[in-house]
Amino acid sequence: MDLSLSTRSQDDFEVIEVSGEIDVYTAPRLREALVELVSKGHHNLIVDVERVEFLDSTGLGVLVGGLKRVRSHDGSLDIVCTHDRLLKIFRITGLTKVFGIFDSVDAAVASH
Amino acid sequence: MPRTDAPASAVNLCLAADLANVRLARLVSVAVGRLHGIDGPMLDDVRLAVGEACGRAVLIHNDNALPAPVVIDIDGSAEEFSVTVTSQEPVDVEQRRLEVRGSRVEVTANGGLAIPETFALLGGLADEVDVRSDASGTTVQMRWRLPPPAD
């Protein structure tokens, strides 16, 4: 399964909806999308991984890289995820303390 | 639930060091895992751990322009399931250090590697992770203990 990305705006946030597999092969495409958004001045991002089937450490690295970029502009990068198989990876790596992880895009927006 | 008639099978994959092949290694490992009755969260762990280990091996082969394939051995019995990923990067054992994409890995006296952050995720996914290195490369073996079959 390939990686699909789509972007939309909600309130003051750019929501990146990701589906498919984020791995060592596909993660560069997500990185490019995040870099492009930040370069266009979008510094409050929400990455929705509800339709992601697989996420590895390369994907996590891309998300952390995105977080660093937006924070350098006083922005934010939140994650929307409810799947245990993905949340486990965030827990193992300690990234649950780094990202805001929410059940829905609305909840992520409301947290700000 | 583990199958009592699970085959004492061994599958050997020799994959070109192409990042696209990491997914193939994941798919085959999951398929063989299912033959051994693995499902649910443990199967997710196998999928992710194999992806991590193979991805690391492929990246190292690419970085070193190694033409040799990355080798994945998948094996199992009624009690245990294991996946071993072997990369063939040059390791200067005399220096007792190995640089893996910026992460320093300590080579221990017996040829094993101390678990660095690179392998921290693997340690959380498999029941046992054994990383060994010698002059011919590095072997990452991941093992999962299978629960006894139900009566």
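Cut-offs used in this document
- Every chain is numbered on its own, with residues counted from 1 as its sequence reads.
- The lettering of chains begins at A and the numbering of ligands begins at 1, in the order of writing.
- Only residues with pLDDT of 70 or above have their local features reported here, since the model is predicted, and side-chain atom pairs are shown and tallied only from 80 upward, although totals for entire chains, interfaces and linings are computed over all residues.
- Note that water and hydrogens are dropped before the side-chain values are worked out from all heavy atoms of the structure.
- Only runs of H or I of at least four residues qualify as helices and only runs of E of at least two qualify as strands under DSSP, and these elements are numbered from the N terminus.
- Burial classification: accessible surface area is computed with a 1.4 Å probe over protein chains only, and a residue below 20% of its type maximum counts as buried, one above 50% as exposed, and the rest as partly exposed.
- Contact criterion: two residues are considered in contact whenever any of their non-hydrogen atoms come within 4.5 Å of each other.
- Salt bridges are identified by distance alone: a Lys or Arg side-chain nitrogen within 4 Å of an Asp or Glu carboxyl oxygen.
- What counts as buried area is the accessible surface, traced by a 1.4 Å probe, that two parts surrender upon association, with contributions from both included.
- Polar contact is the term for a pair of N or O atoms within 3.5 Å; when the atoms are in protein, one must be able to donate a hydrogen and the other to accept it, and sequence-neighboring residues count only if both atoms are side-chain atoms.
- Ten residues, namely Ala, Val, Leu, Ile, Met, Phe, Trp, Tyr, Cys and Pro, are considered nonpolar, four, namely Asp, Glu, Lys and Arg, are considered charged, and the remaining ones, Gly among them, are considered polar.
- What counts as an axis is a line fitted to C-alpha atoms, over the stretch in contact for a helix, and the angles between N-to-C directions run from 0 to 180 degrees.
- Our angle categories are set so that under 35 degrees counts as roughly parallel, over 145 as roughly antiparallel, 65 to 115 as roughly perpendicular, and the remainder as oblique.
- Expected helix span is taken as 1.5 Å per residue step, with the number of steps being one fewer than the number of residues.
- Arc definition: directions from the helix axis to the C-beta atoms.

Peer 1: Can you explain the overall build of chain A? Please cite residues and give values.
Peer 2: When you go through chain A residue by residue, the secondary structure sums to four helices and five strands. Ordered by position in the sequence, the α and β elements of chain A form the string β-β-α-β-α-β-α-β-α. Looking at chain A as a whole, 47% of its 112 residues are labelled buried. Expressed as a percentage of contacts within chain A between residues at least 6 apart in sequence, the contacts between residues at least 24 apart total 66%.

Peer 1: Break down the pattern of salt bridges for me, with residues and values.
Peer 2: All names here are of chain B. Counted according to the given criterion, the structure contains 14 salt bridges over all chains. Salt-bridge contacts for Arg56 lead to Glu89; the nearest nitrogen and oxygen are separated by 3.5 Å. With a gap of 33 residues between them, Arg56 in helix α2 (residues 40-63) and Glu89 in the loop between β3 (80-87) and β4 (97-100) connect regions that are remote in the sequence. Relative accessible area serves as the criterion here: at 9%, Arg56 is assigned to the buried category. For Glu89, a relative accessible area of 2% gives the class buried. Note that Arg143 and Glu80 form a salt bridge whose closest N and O atoms lie 4.0 Å from each other. Of this pair, Arg143 sits in strand β7 (residues 137-145) while Glu80 sits in strand β3, and the two are 63 residues apart along the sequence. Accessibility expressed as a relative area gives 17% for Arg143, which makes it buried.

Peer 1: Hey, could you go over the interface of chain A and chain B for me, with residue numbers and the actual values?
Peer 2: When the parts of a complex come together, some accessible area is lost, and that lost area is often taken as the interface size. If you look at the interface, chain A gives 14 residues, while chain B gives 15 residues. Together, the buried faces of chain A and chain B total about 1200 Å²; carbon and sulfur atoms form 63% of this surface. Put simply, Arg23 of chain B and Glu21 of chain A hold a salt bridge, and the shortest N to O gap is 2.8 Å. Counting across the chain A and chain B interface gives five residue pairs in polar contact (both at pLDDT 80 or more). Breaking the side of chain A that touches chain B down by element, the ones donating at least two residues are β3 (44-55) and α3 (84-92) of chain A. Looking at the side of chain A that touches chain B, the element that brings in the most residues is α3 of chain A, giving four residues. In terms of residue class, the side of chain A that touches chain B is built from seven nonpolar, two polar and five charged.

Peer 1: Tell me what's going on with the packing of helix α1 (residues 27-39) of chain A against helix α2 (residues 57-71) of chain A, and back it up with residues and numbers.
Peer 2: All names here are of chain A. Where α1 contacts α2, the two axes come as close as 9 Å, and the packing angle between them is 10 degrees. Classified by the angle their axes make, α1 and α2 are roughly parallel. The segment α1 lies against α2, with Ala27, Leu30, Arg31, Leu34, Val35 and Val38 engaging Thr58, Gly59, Val62, Leu63, Gly66, Arg69 and Val70. Of the residues in the contact of α1 with α2, the class split is eight nonpolar, three polar and two charged.

Peer 1: Now, about α2 of chain A: what can you tell me, with residues and values included?
Peer 2: Residue and element names in this part refer to chain A. In this model α2 runs 21 Å from its N-terminal to its C-terminal C-alpha over 15 residues, within 8% of the 21 Å that 1.5 Å per residue would give. Taken together, the buried positions of α2 are occupied by Gly59, Leu60, Val62, Leu63, Gly66, Leu67 and Val70. In an axial view of α2, the angular spread of the buried residues amounts to 155 degrees, which keeps them on one side of the axis. On its buried face, α2 is in contact with β2 (13-22), α1, β3, β4 (76-80) and α3. Sitting at the amino-terminal end of α2 is Asp56, which places a side-chain oxygen 2.9 Å from the backbone nitrogen of Thr58.

Peer 1: Kindly report on the environment of Val129 of chain B, identifying the contributing residues and their values.
Peer 2: Residue and element names in this part refer to chain B. Checked against the element boundaries, Val129 lands in strand β6 (residues 128-134). Counting along the chain gives 14 residues from Val129 to Arg143, while the straight-line C-alpha distance between them is 6.5 Å. Among all residues touching Val129, those that are not within four sequence positions of it are Leu122, Gly123, Val140, Gln141 and Met142.

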